[in-house]
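Residue strings, one per chain:
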Amino acid sequence: MIYSQNRVDQKGQTVSDSTENPAEEETDGPGFPHTPPLGIKAVHPGDEIPRPPEPEQPPRPERAKIGWGVVALVSFAAILSIIGTFLPWTELRGEFVIREIGWDQPIDALIVLFSGLAAALAAGVILSGVKSHITTLCLFAAGAIHVVLAIVKIFDVENMEPTSGYSYSIGVGLPIIIVGGGALIVASFLEWGSRRREQVAS
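Residues numbered from 1 in each chain as written. Predicted model: local features only at pLDDT ≥ 70, side-chain atom pairs only at ≥ 80, totals over all residues. Heavy atoms only, no water.

Participant: Summarise the packing of helix H2 (residues 68-84) against helix H3 (residues 106-127); cite the residues concerned and give the values.
Facilitator: Two elements in contact, H2 and H3, have axes separated by 9 Å at closest approach and are oriented at 165 degrees. Regarding the angle of H2 to H3, the classification is roughly antiparallel. Classified by chirality, the crossing of H3 by H2 is left-handed. Facing H2, whose interface residues are Trp 68, Val 70, Val 71, Val 74, Ser 75, Ala 78, Ser 81 and Ile 82, H3 presents Val 112, Leu 113, Gly 116, Leu 117, Ala 119, Ala 120, Ala 123, Ile 126 and Leu 127. Grouping the constituent residues of the contact of H2 with H3 by class yields 14 nonpolar, three polar and no charged. (Axes fitted to C-alpha atoms, helices over the stretch in contact; angles between N-to-C directions. Helix = DSSP H or I, 4+ residues; strand = E, 2+ residues; numbered from the N terminus. Parallel < 35°, antiparallel > 145°, perpendicular 65-115°, else oblique. Left-handed = near helix turned anticlockwise from the far one by under 90°. Contact = heavy atoms within 4.5 Å. Nonpolar A, V, L, I, M, F, W, Y, C, P; charged D, E, K, R; others polar.)

Take a look at the structure:
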């Protein structure tokens, strides 16, 4: 509020003095400090100006756990079965020993080879962290093919009649293929169990 006061100077002229009430100027407006909006911090002289909050980044999706044991087992089984195709499947024993390896029967050997490569490819998929029932089915199918084919060949050798003083016996390659196929079947069940546990945990 402004106060006006008239006074007469030495020459007889009237002079108007205007003064402001300092107390009222100080108390003009609310008598309490300004309250900042909710979530904003008041900045006082000498304080560091706060930086705007960084935008929140969306959480990265968790990568599926890699079953290193399953990958190692599948790789070992696939290599073992493929090696079995280069070993004797049938031995003809008499005056001499005649051995017939898997590649002497190329169709059967190719079946073992390609199914073993399919199992190795499935191991690569597992190594990349992908969980799929197709991978499990591929491992089981490859293992079953190896086991069934080797067992059929063993029965064929056992049913061969001796001829000209020679007898037939089973070579080391067929049992090795059975072991490799059995390991693939075990790996398929391990992978299936791992996938089931992750589904239950999620």
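Participant: Run through a nonpolar patch on the surface, naming residues and quoting values.
Facilitator: On the surface, a cluster of nonpolar side chains totalling about 270 Å² of accessible area is made up of Ile 107, Ile 111 and Ile 145. The topology assignment puts Ile 107 in helix H3. Note on Ile 107: relative accessible area 64%, which makes it exposed. (Patch = residues over 30% accessible without salt bridge, like charges linked within 9 Å, V, L, I, M, F, W, Y side chains within 5 Å. Areas by Shrake-Rupley, 256 points an atom, 1.4 Å probe, with all protein chains shown as cover. Salt bridge = Lys/Arg side-chain N within 4 Å of Asp/Glu carboxyl O. Buried < 20%, exposed > 50% of the residue type's maximum accessible area, 1.4 Å probe, protein only.)

Participant: Tell me about the pattern of salt bridges, and please be specific about residues and values.
Facilitator: Throughout the structure, instances matching the rule amount to three salt bridges. Where Glu 91 meets Arg 99, a salt bridge forms, and the shortest distance between an N and an O atom there is 3.2 Å. Note on Glu 91: relative accessible area 9%, which makes it buried. Accessibility expressed as a relative area gives 48% for Arg 99, which makes it partly exposed. A single salt-bridge network, built from bridges that share partners, covers Glu 91, Arg 93 and Arg 99.

Participant: Can you explain the pairing of strand S3 (residues 88-93)? Please cite residues and give values.
Facilitator: Where burial is concerned, most of S3 is hidden: five out of the six residues are buried. Linking S3 to strand S4 (residues 97-101), which pair antiparallel, is a turn of three residues. Pairing analysis gives four bridges linking S3 to strand S5 (residues 167-170), with the strands arranged antiparallel. Looking across to S5, one finds that Thr 90 is bridged to Ile 170. (Pairing = 2+ DSSP bridges.)

Participant: Would you mind going over the nonpolar core in detail, with residue names and values included?
Facilitator: Of all hydrophobic cores here, the largest spans 14 residues; its most connected members are Val 70, Val 74, Ala 119, Ile 126, Leu 139 and Leu 184. Secondary-structure elements contributing two or more residues to this core are H2, H3, helix H4 (133-158) and helix H5 (173-201). Examining the composition of this core, we find that five residues originate from one element, H2, more than from any other. Once residues within four sequence positions are removed from consideration, Val 74 is found in contact with Ala 119, Ala 123, Leu 139, Leu 184 and Ala 187. Listed in part, the seven residues of the second largest apolar core include Trp 89, Val 112, Leu 149 and Ile 154. (Core = buried A, V, L, I, M, F, W, Y, C linked by side-chain atoms within 4.5 Å.)

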